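What the coordinates show
Chain by chain, the residues:
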Amino acid sequence: MSEVKLAAQTRTEFGKGAARRIRRDSKVPGVLYGHGSDPLHLTLPGHDLLLALRTPNVLISLDIDGKTNELAIPKSVQRDPLKGFLEHVDLLLVKRGEKVTVEVPVHAEGELAAGGNLLEHVLNALPVEAEATHIPEALTVSVEGLEAGASVLAKDVKLPSGVTLAVDEDAVVLQVLQAQVEEAVEGEAAEGEEAAEA
């Protein structure tokens, strides 16, 4: 997993007005917490943070006021619902070698069995426990040739070394559904004919 370095400044101003001023300067207000320490209020570079957050569970190396370096992972990100810009970010302090529980995106690859089957993502992300510096970016699952009714369980997902499940191993991650579009159309046509005869 790549590590992204960001320069951050501690902030002493709080509230909506201060947050607006920070965002006007193309920066993002944030809070760093964890390990029983007091929350540290930060100002982060907006564009660099936005690029970093494109990677799920990105490991961020924070250079705080040019004095201290801390490692963190994003815990909560608030975006403007209309424009999508970052409004606030909560960061969780982590140490090298420490295990953390995170949700890792699940990607399916391969073609389902013929017959118009549909793949349903029951879990878009799988909760796992991994070392903070070795969090996988994504987990890939093969659905090659799966028939309707087939399921992929959490225990079926191949995990990288050092990564363990943080969810019930029998939890359904993906399932294959049979397409019912044609049957529904035929049923509606039959109902229409019955109504016309009556």
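Use the structure listed above.
The rules behind these values
Residues numbered from 1 in each chain as written. Predicted model: local features only at pLDDT ≥ 70, side-chain atom pairs only at ≥ 80, totals over all residues. Heavy atoms only, no water. Helix = DSSP H or I, 4+ residues; strand = E, 2+ residues; numbered from the N terminus. Buried < 20%, exposed > 50% of the residue type's maximum accessible area, 1.4 Å probe, protein only. Contact = heavy atoms within 4.5 Å. Areas by Shrake-Rupley, 256 points an atom, 1.4 Å probe, with all protein chains shown as cover. Pairing = 2+ DSSP bridges. Axes fitted to C-alpha atoms, helices over the stretch in contact; angles between N-to-C directions. Core = buried A, V, L, I, M, F, W, Y, C linked by side-chain atoms within 4.5 Å.

Observations regarding the overall build of the chain
If you tally the helices and strands in the chain, you get three helices and 13 strands. Evaluated residue by residue, the chain yields a buried proportion of 34% over its 198 residues. Taking as baseline every contact in the chain between residues at least 6 positions apart, the subset at least 24 positions apart corresponds to 63%. In the structure as shown, the chain presents an accessible area of about 11700 Å², 49% of it carried by carbon and sulfur atoms.

Concerning the sheet that holds strand β1 (residues 3–10)
Ordered in space as β1-β3-β2-β6-β5-β4, the six strands form a closed barrel in which the pairing is mixed. Going across the sheet, the axis of each strand differs from the next one's by a mean of 45°, ignoring polarity. Direction of pairing for β1 relative to strand β4 (residues 59–64): parallel, over a ladder of six bridges. Paired with Lys-5 across the two strands is Ser-61, which belongs to β4. Contacts from helix α1 (residues 16–24) reach β2 (27–34), β3 (37–45) and β6 (86–94) within the one sheet, and its direction differs from that of β2 by about 120°.

Quick notes on the pairing of β2
Counting buried residues along β2, six of its eight residues qualify, which places the element largely inside the surrounding structure. Two strands pair when backbone bridges link them, and β2 and β3 are joined in this way by seven bridges, in the antiparallel orientation. In the strand pairing of β3, Val-28 is matched with Leu-44. Of the strand pairs in this sheet, β2 and β6 are connected by four bridges, and their pairing is parallel. Its bridge partner lying in β6, Val-31 is registered against Asp-90.

Looking at the sheet that holds strand β11 (residues 151–153)
The strand order across the open sheet built from three strands is β8-β13-β11, with neighbouring strands paired in antiparallel fashion. Single-partner strands in this sheet number two, and they are β8 (118–121) and β11. Going from strand to strand, the sheet's axes swing by 15° on average, the running direction of each strand aside. Of the strand pairs in this sheet, β8 and strand β13 (residues 172–177) are connected by four bridges, and their pairing is antiparallel. Note on β13: the bridge partner recorded for Leu-119 is Val-176.

Let's talk about the nonpolar core
Across soluble globular proteins, you tend to see nonpolar side chains buried next to one another. Of all hydrophobic cores here, the largest spans 26 residues; its most connected members are Ile-73 and Leu-126. Sorting the residues of this core by element identifies β5 (68–79), β6, β7 (99–109), β9 (125–131), β10 (139–142) and β13 as the ones contributing at least two each. The contact partners of Ile-73, leaving out residues within four places of it in the chain, are Asn-57, Val-58, Leu-59, Asp-90, Leu-91, Leu-92, Val-94, Val-100, Val-102 and Ile-135. In terms of nonpolar packing, the next biggest core, distinct from the first, is built from 17 residues, Leu-6, Ala-8, Ala-72 and Leu-91 among them.

Examining the environment of Ala-130
Structurally, Ala-130 is set in strand β9. A residue is classified by how much of its surface remains accessible, and Ala-130, at 0% relative accessible area, is buried. Separated by 32 residues in sequence, Ala-130 and Glu-98 have C-alpha atoms that sit 8.2 Å apart.

A word on the environment of Leu-49
Looking at where Leu-49 falls in the secondary structure, it is placed in helix α2 (residues 46–52). Once the C-alpha coordinates of Leu-49 and Leu-86 are considered, the two residues, 37 residues apart in sequence, prove to be 8.7 Å apart. When sequence neighbours within four positions are dropped, the list of residues in contact with Leu-49 reads Leu-6, Val-28, Leu-44, Ile-60, Leu-86 and Val-89.

Topic: the pairing of β1
In the sheet, β1 pairs with β3 via two bridges, with the strands oriented antiparallel. Its bridge partner lying in β3, Thr-10 is registered against Leu-42.

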